[in-house]
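# Inside the fold
One-letter residues, chain by chain:
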Amino acid sequence: MTYDVIIAGASFAGLAVAARLRGKRVLLLDRKPVGAGQTSACGTLVSTLEALGLQASIRQVHDRLVLHTPRRTFVYPVDNDPFCTFDYEHLCRLLYAQGDAEFLQAPAQDLQQHAVQTPQGAFRGEIVVDATGWRAALVKNRRPDLIREERLNFGLETVANYQDDGLHFWFDPEALLKRGVAWAFPAGDHTRIGVGSYMGETRLKGDLQRFVSGMSVQGDGLHGGYFPHALRTALVDDVFLVGDSAGQCLALTGEGIRPALFFGTHLGDLLRRTLDGELDLQAAREQYRNLVEQRRWGYDTLCLAQRVLPRLPLPLLQVLMGAVTRRPVLNTILRVYVEAFRLDDRSRQLTPPDDERMIPVSPTT
Ligand SMILES: Cc1cc2nc3c(=O)[nH]c(=O)nc-3n(C[C@H](O)[C@H](O)[C@H](O)COP(=O)(O)OP(=O)(O)OC[C@H]3O[C@@H](n4cnc5c(N)ncnc54)[C@H](O)[C@@H]3O)c2cc1C
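Described below are features of the structure shown in this document. (Residues numbered from 1 in each chain as written. Predicted model: local features only at pLDDT ≥ 70, side-chain atom pairs only at ≥ 80, totals over all residues.)

### Some remarks on the overall build of the protein chain
Regarding its fold elements, the protein chain presents nine helices and 18 strands. The globule rule puts the C-alpha radius of gyration for 365 residues at 21 Å, and the 20 Å found for the protein chain is close to it. Considering only C-alpha atoms, the protein chain reaches an extent of 60 × 40 × 40 Å along its principal axes. Buried positions account for 44% of the 365 residues belonging to the protein chain. Taking all contacts inside the protein chain whose residues are at least 6 apart in sequence as the whole, residues at least 24 apart take part in 69%. (Helix = DSSP H or I, 4+ residues; strand = E, 2+ residues; numbered from the N terminus. Rg over C-alpha atoms; globule rule 2.2 N^0.38 Å. Buried ≥ 20, exposed ≤ 12 C-beta atoms within 10 Å, placed from the backbone. Contact = placed C-beta atoms within 7 Å.)

### Thoughts on the sheet that holds strand S7 (residues 83-86)
By definition, the strands of a sheet pair up through backbone hydrogen bonds, in either a parallel or an antiparallel sense. Strand order across the open sheet formed by three strands is S3-S7-S4, with antiparallel pairing between neighbours. With partners counted over all chains shown, the strands left at the sheet margins are strand S3 (43-45) and strand S4 (58-62), one partner each. Direction aside, neighbouring strands of the sheet carry axes that sit 35° apart on average. (Pairing = 2+ DSSP bridges. Axes fitted to C-alpha atoms, helices over the stretch in contact; angles between N-to-C directions.)

### Details of the site of the ligand
In the region of the ligand, 41 residues are neighbours, and Ser11, Gly133, Gly155, Gly243 and Gly256 sit closest. Of all the elements in the fold, those that place two or more residues in the shell around the ligand are helix H1 (12-19), strand S2 (26-30), S3, strand S12 (152-160), strand S16 (219-228) and helix H5 (257-275). Per-class residue counts for the shell around the ligand are 15 nonpolar, 18 polar and eight charged. (Near = placed C-beta within 6 Å. Nonpolar A, V, L, I, M, F, W, Y, C, P; charged D, E, K, R; others polar.)

### What to know about the nonpolar core
Within the largest apolar cluster, 102 residues are counted, with the highest numbers of intra-cluster contacts made by Ile6, Ile7, Val17, Leu138 and Val242. Take this core: its biggest share by element is nine residues, from H5. The contacts of Leu138, once residues within four sequence positions are left out, are Ala8, Ala108, Leu111, Val116, Val128, Asp130, Thr132 and Val239. (Core = buried A, V, L, I, M, F, W, Y, C linked by C-beta atoms within 7 Å.)

### Observations regarding the sheet that holds strand S14 (residues 180-186)
Read across the open sheet, the seven strands follow the order S6-S5-S13-S14-S15-S12-S16; overall the sheet is mixed. Two strands close off the open sheet at either side, each with one partner strand: strand S6 (73-77) and S16. On average, each strand axis in the sheet is inclined to that of its neighbour by 20°, with strand direction left out of account. Direction of pairing for strand S5 (residues 64-68) relative to S6: antiparallel, over a ladder of five bridges. Its bridge partner being in S6, Leu67 is matched across the sheet by Phe74.

### With respect to unusual backbone geometry
One non-glycine residue, Cys42, lies in positive phi territory at about 55°. Looking at the element boundaries, Cys42 is found in the loop between S2 and S3. You will see that Ala136, though not glycine, has its phi angle at about 45°, which is positive. Along the chain, the position of Ala136 falls in the loop between strand S11 (121-130) and S12.

### Here we look at helix H6 (residues 281-293)
An α-helical turn contains 3.6 residues, so any two residues separated by three or four positions project in the same direction. Between its terminal C-alpha atoms H6 stretches 18 Å, which fits the 18 Å expected from 13 residues at 1.5 Å a residue. By the burial criterion, the buried members of H6 are Ala284, Tyr288 and Val292. Seen end-on, H6 carries its buried residues on one side only, within an arc spanning 65°. What points out from H6, more than 90 degrees from its buried face, is the exposed set Gln282 and Asn290. Its buried side turned inward, H6 meets strand S18 (239-241) and H5. (Expected span 1.5 Å × (residues − 1). Arc of directions from axis to C-beta.)

### What to know about the environment of Arg203
Considering the arrangement of structural elements, one finds Arg203 in the loop between strand S15 (191-197) and helix H4 (205-214). Along the sequence, Arg203 and Leu156 sit 47 residues apart, while their C-alpha atoms lie 9.2 Å from each other.

### A short note on the environment of Arg31
In this fold, Arg31 is placed in the loop between S2 and S3. Taking the C-alpha atoms as reference, Arg31 lies 28 Å from Glu50; in sequence the two are 19 residues apart. Every residue in contact with Arg31, bar those within four places of it in the chain, is listed here: Ala106 and Pro107.

### A look at the packing of H1 against H5
The N-to-C vectors of H1 and H5 enclose an angle of 30°; their axes lie 7 Å apart at closest approach. Compared by their axis directions, H1 and H5 come out roughly parallel. In the packing of H1 onto H5, the handedness of the crossing is right-handed. Judged by residue contacts, Phe12, Ala13, Ala16, Val17 and Ala19 of H1 engage Ile257, Ala260, Leu261, Phe263, Gly264, Thr265, Leu267 and Gly268 from H5. (Parallel < 35°, antiparallel > 145°, perpendicular 65-115°, else oblique. Left-handed = near helix turned anticlockwise from the far one by under 90°.)

### Observations regarding the environment of Phe74
Along the chain, Phe74 falls in strand S6. With 17 C-beta atoms packed within 10 Å, Phe74 lands in the partly exposed category. It is 40 Å that separates the C-alpha atoms of Phe74 and Pro33, two residues lying 41 residues apart in sequence. Look past the residues within four positions of Phe74 in its chain and what remains in contact with it is Leu67, Met321, Gly322 and Thr325.

### Details of the packing of H1 against helix H3 (residues 88-98)
Put simply, H1 and H3 touch, their axes get as near as 7 Å, and they point 25° apart. Here H1 lies roughly parallel to H3, going by the angle between them. Both H1 and H3 take part in a crossing whose hand is left-handed. Contact residues: H1 offers Leu15, Ala16 and Ala19, while H3 offers Cys92, Leu95, Tyr96 and Gln98. Considered class by class, the residues forming the contact of H1 with H3 number six nonpolar, one polar and no charged.

Encoded structure:
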């Protein structure tokens, strides 16, 4: 059972890699069916989804970010490059249909040489990609130092049955989490409400319940998990890491979907060129490592901001938040923040996706 590429993890990062490898022998592994394991509020830029031909999954477009503090509310227009909330399962199905990887529902347990161990047997890949999220399941035994608790944020979410507009954030260290935020992301007929701790605090159920009842709404269900806030590494030995597994989620904003899609798409393109004989594997490793490392300063800056900003006295913080409402300041920040992960229009280069391609729910062997 030898493949050109084995990708462990079939969420944003893993699916983005697989989408670029149509026609190659690719095995995609996940412990859950594709599209089944939503952990996030699914907010991202419209332009990112459009570039990848995924806009059909959008549930609501948002042209403003709203930041609430105990005494003031700040509104940041993002009409030049709006955000959106999307349907996780739908997006995963669209991305999955762009590739033609074989899917196996099984946990990747370990990696020995180039063989990925699963309860269904071992599968050998010339190239192996770890896209298993913050756990970095394939490389954690080789590099246990990558998964450090103090480098993880934690978030918990529920869904409430009301409609609104804009992506809302609350920073209120007295009434809410000391070092954390709460958010409400409307997504059409419902709103995703969550709380997140910058200290990786996992006992957030009570905080979430208090926040939700303070809004006089009722939450339905719970989902969430860890998300890294420090860039890790692009490669462990010859295994490629992408998405949260590589620590590519951004600190402070907790935005991890855009980086996962950006790096996943670029990694998929590099691997395709390697398999086509245009690029040797060593050059692909170097190019991928460089692509990631060029952005390390941005990751480190946000990491520092996440450490410093929540510790500032609230009046000073409010002055800074107010300064950012000024258009030139806001536009400069947004330009740097958005352009770092800008995808050009890849959807036009795609082989038309196979809409009929169903996601297998039973394991392939
Ligand atoms: C509460 C919360 C809200 C968030 N909201 C947003 C948001 O609105 N916008 C945003 O940009 N980011 C958000 N994030 C961050 C974002 O969810 C992550 O950065 C993003 O999901 C990373 O994508 P990924 O593909 O790398 O990993 P994941 O989405 O974590 O996917 C990893 C995949 O690997 C699979 N897997 C895990 N272990 C194994 C294994 N051993 N074998 C096989 N498969 C395995 C999992 O089942 C999963 O499908 C949020 C995070 C949380 C926790």
